[in-house]
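As a plain string of letters, each chain reads:
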Amino acid sequence: MTRSDRPPHRLGVAGLGTVGAALVKLVSARGDFAPSGESVVISGISARSRSAPRGADVSCYDWFEDPVALARSPDIDIFVELIGGSEGVARAAVEAALQAGKPVVTANKALIAHHGAALAALAEAKGVPLLFEAAVMGGTPAVKLVREALVADQIHSIAGILNGTCNYILTQMEQSGSSFSQVLKQAQALGYAEADPTTDVGGFDAAHKIVILAALAFGGPPDWGVAEVEGLEGVDLLDIRLAGDLGYRIKLVAAAAKSAEGVSVRVHPTLLPLDHPLARADGALNALFIQGENTGRMFIQGPGAGPGPTAAAVAADIADVLAGAKRPVFQRPAAQLARARALVPKALATKAYIRLIVRDEPGVIASVSETLAECGLSIDSFLQKHMPESVGDASGGVPIVLTTHPAVESVIFDAIARIGALPTMITPPRMMRIANI
Ligand SMILES: NC(=O)c1ccc[n+]([C@@H]2O[C@H](COP(=O)([O-])OP(=O)(O)OC[C@H]3O[C@@H](n4cnc5c(N)ncnc54)[C@H](OP(=O)(O)O)[C@@H]3O)[C@@H](O)[C@H]2O)c1
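Figured I'd write up the structure that's included with this text.

**Here's the deal with the overall build of the protein chain**
Helix and strand counts for the protein chain come out as 13 helices and 17 strands. For 437 residues, the compact-globule formula gives about 22 Å, and the C-alpha radius of gyration of the protein chain, at 24 Å, lands near that figure. Here the C-alpha coordinates of the protein chain stretch approximately 85 × 45 × 35 Å along the principal axes. Each of the 437 residues in the protein chain was classed as buried or not, and the buried ones make up 54%. Split by element, the accessible area of the protein chain, about 18,000 Å² in all, is 52% carbon and sulfur. Each charge sign in the protein chain was given a centre, from 37 positive and 43 negative side chains, and these centres are 4 Å apart.

Put into structure tokens, the structure is as follows:
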């Protein structure tokens, strides 16, 4: 029997939301997408509501109330988890499928970021693949790029715009002149942001993804504990305008770097020079910038979410299962994955953007300069502006923006605390890091 004569592989799909329903449509339209010549069919499905409309006829598939029972069913060959969340039923179902010796494909970044090492150990003990291409950058192949194409390189750093919702919000703020909360409301109305936006705007979704990429790039386990996360909540239109005047764009950048001293994994609003490729990724796009020893600088960009692109990435993993995917889940067998030393964030050096709103009176600039000098923080540029009219600030203050030369963050935070205590400050200083990528 040739491969194409074999009976189709039976998929169990848990989760029929944005991605699950799109996968059902893709497989029912073209179950022979795998280059191995074998095909797949959907056999069993599970979701919360049996009667919810799915945009496709799902009545022909076996219905499972419990995704864990679907994961264990002898009538499926591959389990596809598209529920989401690091705990609960998604985790239980993935563990059950692996325990039962079934290959697992998932788009669940939270699950892999938090439990990837234990799941990898289980998958490898059972001799089955655990694949998660869709978990990072949706339809843009970031996982395969780092795990496979760059396997022989030594990756020094990865920086990405990994959350489309945040990038959409920042782009809209910049283009429309609306505030963060106005744009967030619009994004929720249009379906670009969840009703509870914490995971996205709090930076956690991007952090899940950079934790996974760091594991693949640096050869360790996903290490959620090392991630330092700051979201978009504090980004003002004023900062977007002032950063623009200085030749920068503000993006929520997820970055991981490895040096001889250790590894850092961080998400925070970051000023990028206008000519940096990441600065030009607008709207809901995702983008990734990688620096490797041999490959040098590399940039990819594409859809980071959405039903079609994400389902296509899930299907690509299913094709890999059919092709006999055998590599370890991360870059080494799970038993050999060793945690790298985490660098203390406050000991890292960065250039900083510091924005102050001060009383418009003599001596203010001198007192700020003196304070910075006492802290040993060296200024690169100093700019005093009128409050842009478009920002609609009613404080009556005057914005001052300064950028610093690279300094360790503890020095920068100390200087900010001392400047913030000056009597001429109207609002607390706002600091953002300037990218050195
Ligand atoms: N959306 C994207 O563009 C995208 C991109 C990349 C990765 N991902 C990842 O893909 C996964 C799915 O995302 P999604 O956007 O498709 O989510 P979603 O639209 O919210 O769909 C989730 C699905 O899971 C089902 N579900 C929830 N709790 C369940 C339970 N206890 N038992 C059985 N089924 C349950 C829901 O059932 P009901 O429909 O009946 O409520 C729904 O069908 C997540 O891990 C997400 O992070 C999504």
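**So, the nonpolar core**
Counting 87 residues, the largest nonpolar core has Phe79, Phe132, Ile158, Ile169, Val265, Leu288 and Phe330 as the members making the most contacts within it. Tallying contributions element by element places helix H9 (residues 204-218) first for this core, with 11 residues. When near neighbours in sequence (up to four residues on either side) are disregarded, Val265 contacts Ile210, Val211, Ala214, Val226, Ala227, Glu228, Ala255 and Ala256. Grouped together as the second largest cluster of nonpolar side chains are 32 residues, Val13, Ala34, Ala311 and Ala315 included.

**A few points about the pattern of salt bridges**
Side chains carrying opposite charge are able to pair once their charged atoms draw close together. All told, the structure shown has 22 salt bridges when counted by the stated rule. A salt bridge links Asp317 to Lys144; the nearest nitrogen and oxygen atoms lie 3.0 Å apart. Of the two residues, Asp317 sits in helix H11 (residues 307-322) while Lys144 sits in helix H5 (residues 142-149), which places them 173 residues apart along the sequence. Relative accessible area serves as the criterion here: at 0%, Asp317 is assigned to the buried category. A salt bridge links Asp320 to Lys144, with the nearest nitrogen and oxygen atoms 2.7 Å apart. With Asp320 in helix H11 and Lys144 in helix H5, this residue pair connects regions lying 176 residues apart in the sequence.

**Structural notes on the layout of surface pockets**
With a probe scaled to a water molecule rolled over the atoms, the places where space remains empty come into view. In this model, the largest pocket occupies a volume close to 1,400 Å³. Lining the largest pocket we find 44 residues, and of these Thr18, Val19, Ile83, Lys109 and Glu194 sit closest to its centre. The set of elements that each furnish at least two residues to the lining of the largest pocket consists of helix H1 (18-29), helix H4 (109-126), helix H6 (164-176), helix H8 (198-201), H9 and H11. Here the lining of the largest pocket takes 3 residues from H9, the largest share from any one element. Classifying every residue of the lining of the largest pocket by side-chain character gives 16 nonpolar, 18 polar and 10 charged. Contributions of two or more residues to the lining of the second largest pocket are made by strand S7 (155-161), strand S9 (248-259), strand S10 (262-273), strand S13 (349-358) and strand S17 (425-434). Per element, the largest residue contribution to the lining of the second largest pocket is 6 residues, and it comes from S9. Grouping the constituent residues of the lining of the second largest pocket by class yields 12 nonpolar, 9 polar and 4 charged.

**Looking at unusual backbone geometry**
The phi torsion at Met137 lies on the positive side, around 65°, for a residue other than glycine. Mapped onto the elements, Met137 comes out in the loop between strand S6 (130-131) and H5. Note on Met137: relative accessible area 0%, which makes it buried.

**Quick word on empty space enclosed by the protein**
Within this structure, the stated rule accounts for 2 cavities of 30 Å³ or more. Of the voids in this model, the largest cavity is the one considered here, and its volume is about 50 Å³. Looking at the largest cavity, the residues that line it are Pro129, Leu130, Leu131, Arg147, Ala325, Lys326, Arg327, Pro328 and Val329. Among the residues forming the lining of the largest cavity, the class breakdown is 6 nonpolar, no polar and 3 charged. Taken as a whole, the second largest cavity holds about 40 Å³ of empty space. Considering the residues around the second largest cavity, the lining is formed by Leu170, Glu174, Ile240, Arg249, Ile250 and Lys251. Elements with a minimum of two residues in the lining of the second largest cavity: H6 and S9. Among the elements that take part in the lining of the second largest cavity, S9 stands out by supplying 3 residues, more than any other.

**A look at the packing of aromatic side chains**
Inspection of every chain in the model, using the stated rule, returns 1 aromatic pair. The ring of Phe132 carries Arg147 above its face, with NZ or CZ at 5.8 Å from the centroid.

**Re H11**
Taking 1.5 Å of rise per residue, 16 residues should cover 22 Å, and H11 covers 22 Å from first to last C-alpha, within 8% of that figure. At the C-terminal side of H11, Gly324 shows a positive phi close to 90°.

**Re the sheet that holds strand S2 (residues 40-46)**
Strand order in the open sheet made by the 6 strands is S3-S2-S1-S4-S5-S6, with parallel pairing throughout. One side of each edge strand has no neighbouring strand; the edge strands of this open sheet are strand S3 (62-63) and S6. Pairing of strand S5 (residues 104-106) with S6 involves 2 bridges; the strand directions are parallel. In the strand pairing of S6, Val104 is matched with Leu130. Its contacts with the sheet place H1 against strand S1 (9-14), S2 and strand S4 (78-81), and it is angled at close to 150° to S2.

**Concerning the environment of Val151**
Mapped onto the secondary structure, Val151 falls in the loop between H5 and S7. Val151 sits 100 residues away from Ser51 along the chain, and the two C-alpha atoms are 45 Å apart. When sequence neighbours within four positions are dropped, the list of residues in contact with Val151 reads Val146, Arg327 and Gln331.

About the thresholds
Residues numbered from 1 in each chain as written. Predicted model: local features only at pLDDT ≥ 70, side-chain atom pairs only at ≥ 80, totals over all residues. Heavy atoms only, no water. Helix = DSSP H or I, 4+ residues; strand = E, 2+ residues; numbered from the N terminus. Rg over C-alpha atoms; globule rule 2.2 N^0.38 Å. Buried < 20%, exposed > 50% of the residue type's maximum accessible area, 1.4 Å probe, protein only. Areas by Shrake-Rupley, 256 points an atom, 1.4 Å probe, with all protein chains shown as cover. Lys, Arg positive; Asp, Glu negative; His and termini not counted. Charge placed at Lys NZ, Arg CZ, Asp CG, Glu CD. Core = buried A, V, L, I, M, F, W, Y, C linked by side-chain atoms within 4.5 Å. Contact = heavy atoms within 4.5 Å. Salt bridge = Lys/Arg side-chain N within 4 Å of Asp/Glu carboxyl O. 1 Å grid on protein atoms, 1.4 Å probe; cavity = no way out; pocket = protein on both sides within 12 Å on 5 of 7 lines; lining within 4 Å. Points joined across faces, edges and corners; volume = space filled by probe spheres on them. Nonpolar A, V, L, I, M, F, W, Y, C, P; charged D, E, K, R; others polar. Phe/Tyr/Trp six-rings, centres within 6.5 Å; stacked < 30°, edge-to-face > 60°. Lys NZ or Arg CZ within 6 Å of the ring centre and 35° of its normal. Expected span 1.5 Å × (residues − 1). Pairing = 2+ DSSP bridges. Axes fitted to C-alpha atoms, helices over the stretch in contact; angles between N-to-C directions.

Keep in mind these numbers describe shape, not what the thing actually does.
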